[in-house]
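# Descriptive analysis of the structure
Chain residues, written in single-letter form:
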Amino acid sequence: MASVTYDHVTKRFGDVVAVNDLNIKIKDKEFLVLVGPSGCGKSTALRLLAGLEDITEGRILIGDQVVNDVPPKDRDIAMVFQSYALYPHMSVYDNMAFGLKLRKTPKSEIDRRVKEAAQILGIEELLDRKPRQLSGGQRQRVAVGRAIVREPKVFLLDEPLSNLDAKLRVQTRTEITKLHQRLETTFIYVTHDQVEAMTMASRIAVLNHGVLQQLDTPQNLYDKPDNLFVAGFIGSPAMNFFNAKLTQGDGKVYVDAGSFSVQIPEERTETYMPHVGKRVVFGIRPEDIYDPAFEAPGIIGQRLEGQVEVTELMGNEIFVFFKNGEHEFVGRIDPRTSFRMGKTVQVTFNMANMHIFDQETEQAIR
């Protein structure tokens, strides 16, 4: 088992900076997820750790050892890719055993590891089959099993669920989480899917344009995003944003968005009073927007009008898309609502969970 450290790591491809001064300390046995949009540098960061790319600047440590110049085969890591990369002419057993055979591992030890990994993954009955006889989910489990038999210090998983259908993704996501708990090994997992990140990670590193935006627990990323990018990336549907101005009246602070104005909770007045007159971005999540008839108890509610443009029934809730003046926003509304397309209705914002960002720096004001 081992910790992993990115120490001021930069990777350039010509004039393109793929990873920019990355600093992350990943604890032993932690499940860290690197998340961000396509091209943000997350897969490059993983490949640098695996030794598949050379570092331009900085150091990577596995445990206390700097591995910049250590060949990939000697780093004691195992990697699972988006593509299964199984040998089509080999059985499942031989696919899982192949890497161990190359290392001249004794046959009895190979057999023990392969059968133990197959049992963990529930694929014991598939060991004699060829990859073409397996479903996509079964092939992905074989690819994971091939990594498990290595018994590495660190597991690297690069978007391993991307080729699976939605139902199988949820199932395999759960299996990988259980696997981490069972193996008690350091897992570093790359995905562009923030739902995968939120449900699996001990901590999440959010990247954008090669720069680390925030490193924190899933709940803290959701509750206390450091900037506009993180706030918009974490959560589904995404947080609603409104260009606005902070104003003052009767000792209270208001968010003035032009077509509507809402009061900031009194306990936060002191925090935002120094920013009165500034242009800001007001953020509120869809789950903090209510039909007044079905408000959650204990919220700090502020009401405004919204014209219902579209409704999307999800079963346990309705996504309602509203328009207020020039502003468009979405709420996750109780399915008992009477909101219908074309109606102008009152909606409640739960201001206890609102967010304010500086319009220039895009940093949260807290």
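The structure we're discussing is the one just above.
Numbering of residues starts from 1 in each chain and follows the order in which that chain's sequence is written. In keeping with the model being predicted, local features are shown solely for residues with a pLDDT of at least 70 and side-chain atom pairs are shown and tallied solely at 80 or more, while totals for entire chains, interfaces and linings include all residues. Excluding hydrogens and water, the side-chain figures rest on all heavy atoms present in the structure.

### Considering the overall build of the chain
The condition that has to hold: Where helices and strands are cited, they refer to DSSP runs of H or I of at least four residues and of E of at least two residues respectively, numbered from the N terminus. Here's how the labels work: a residue is buried when its accessible area is under 20% of the maximum for its type, exposed when over 50%, partly exposed in between, all with a 1.4 Å probe on protein chains only. Note on definitions: a residue-residue contact is assigned when non-hydrogen atoms from the two residues lie within 4.5 Å. What sets the accessible areas is the Shrake-Rupley method with a 1.4 Å probe; for residues, cover comes only from the shown protein chains. Two residue types count as positive, namely Lys and Arg, and two as negative, namely Asp and Glu; His and chain ends fall outside the count. By convention, the point assigned to a charge is CZ for Arg, NZ for Lys, CD for Glu and CG for Asp.
Each helix and strand counted, the chain has nine helices and 20 strands in total. Judged by the C-alpha coordinates and their principal axes, the chain covers about 80 × 45 × 35 Å. In the chain, which comprises 366 residues, the share counted as buried stands at 49%. Put simply, 66% of the contacts in the chain that link residues at least 6 apart link residues at least 24 apart. Working note: accessible area of the chain is about 17,200 Å², and carbon and sulfur atoms make up 46% of it. Averaged over its 45 positive side-chain charges, the chain has a centre that lies 7 Å from the centre of its 49 negative ones.

### So, the sheet that holds strand E2 (residues 16-26)
As a reminder of what qualifies: At least two bridges found by DSSP between two strands are what make those strands a pair. Angles run from 0 to 180 degrees between N-to-C directions of axes, and those axes are lines fitted to C-alpha atoms, restricted for helices to the stretch in contact.
If you trace the four strands from one edge of the open sheet to the other, you get E2-E1-E4-E5, paired in antiparallel fashion. At either end of the open sheet lies a strand with only one pairing partner, and these are E2 and strand E5 (65-66). One ladder, built from five bridges, connects strand E1 (residues 4-13) with strand E4 (residues 57-62); its direction is antiparallel. Bridge pairing links Thr5 to Leu61 in E4. This element, helix H1 (residues 42-50), spans E1, E2 and E4 of the sheet and lies at about 115° to E1.

### Considerations on the sheet that holds strand E8 (residues 186-191)
As summarised here, the arrangement of the six strands in space is E6-E7-E8-E3-E9-E10, forming an open sheet in which the pairing is mixed. Lying at the two open borders of the sheet, with one neighbouring strand each, are strand E6 (77-80) and strand E10 (211-216). For this sheet, the mean angle separating the axes of adjacent strands, direction not counted, is 15°. The pairing of strand E3 (residues 31-35) with E8 spans five bridges and is parallel. Opposite Leu32, over in E8, you have Ile188 as the bridge partner. Lying over the sheet, helix H4 (residues 136-148) contacts E6 and strand E7 (154-158), oriented at roughly 175° with respect to E6. Where helix H5 (residues 166-183) meets the sheet, its contacts fall on E3, E7 and E8, and the angle it forms with E8 comes to roughly 160°.

### Some thoughts on the side chain of Gln263
Take Gln263: it is sitting in strand E13 (residues 261-263). By relative accessible area, which is 16% here, Gln263 ends up buried. Apart from the residues within four sequence positions on either side, Gln263 is in contact with Lys252, Val253, Tyr254, Gln302 and Met351.

### Considerations on helix H3 (residues 107-121)
At 3.6 residues per turn, the α-helix brings residues three or four places apart onto the same side. Test applied: Expected span of a helix: the number of residues minus one, times 1.5 Å. This arc is taken over the directions from the axis of the helix to the C-beta atoms.
For H3, which comprises 15 residues, the first-to-last C-alpha distance of 21 Å matches the rise-based estimate of 21 Å (1.5 Å per residue) to within 8%. Residues Ile110, Arg113, Val114, Ala117, Ala118 and Leu121 constitute the buried set of H3. Buried residues in H3, looked at end-on, bunch into an arc of 130°, giving them a common side. Facing away from the buried side of H3, by more than 90 degrees, are the exposed residues Ser108 and Gln119. Looking at the buried residues of H3, the elements they touch are helix H2 (92-102), H4 and H5. A positive phi of about 70° marks Gly122, the residue just after H3.

### What about the nonpolar core?
For the record, the criterion: By nonpolar core we mean a set of buried residues, namely Ala, Val, Leu, Ile, Met, Phe, Trp, Tyr and Cys, connected to one another through side-chain atoms within 4.5 Å.
Within the largest apolar cluster, 46 residues are counted, with the highest numbers of intra-cluster contacts made by Met96, Val114, Ile176 and Tyr189. Sequence-distant contacts of Tyr189, defined by excluding residues within four places in its chain, comprise Phe31, Leu32, Val33, Leu34, Leu157, Pro160, Leu161, Ile176, Glu196 and Met200. In this structure, Ile264, Tyr272, Phe282 and Ile365 belong to the second largest nonpolar core, which totals 29 residues.

### Considering the pairing of strand E17 (residues 318-324)
Within a regular strand, side chains alternate between the sheet's two faces. Along E17, five of the seven residues are buried, which leaves the element largely enclosed by surrounding structure. In this antiparallel pair of consecutive strands, strand E16 (residues 301-313) and E17, the connection spans four residues, and Gly315 shows a positive phi of 100°. Strand direction decides the pairing type here: E17 and strand E18 (residues 327-333), joined by seven bridges, are antiparallel. What sits directly across from Phe322, in E18, is Phe329. The turn joining E17 and E18, which pair antiparallel and follow one another in sequence, is formed by two residues; a positive phi near 60° is taken by Gly325.

### Describing unusual backbone geometry
In this chain, Ser236 is followed by Pro237 through a cis amide linkage whose omega measures -5°. Within the fold, Pro237 resides in the loop between helix H8 (228-233) and strand E11 (240-249). Here the phi dihedral of Glu184 falls at roughly 50°; this positive angle occurs in a residue that is not glycine. Looking at the secondary structure, you find Glu184 in the loop between H5 and E8.

### Quick word on the packing of aromatic side chains
The relative placement of two aromatic rings is captured by the distance of their centres and the angle of their planes. What counts is decided by this rule: Here the aromatic set is Phe, Tyr and Trp, taking the six-membered ring for Trp, and pairing holds for ring centres within 6.5 Å; pairs whose planes are under 30 degrees apart are stacked, those over 60 apart are edge-to-face, and all others are tilted.
All chains considered together, the criterion is met by 15 aromatic pairs. Judged by centre distance (5.3 Å) and plane angle (90°), the rings of Phe242 and Phe260 are edge-to-face. Pair noted here: Phe242 is in strand E11 and Phe260 is in the loop between strand E12 (252-256) and E13, with a separation of 18 residues, a long-range link. This pair shows no difference in class: Phe242 is buried, exactly as Phe260 is.

### As for the pairing of E1
Judged from the seven bridges that link them, E1 and E2 form a sheet pairing that is antiparallel. What sits directly across from Tyr6, in E2, is Ile24.

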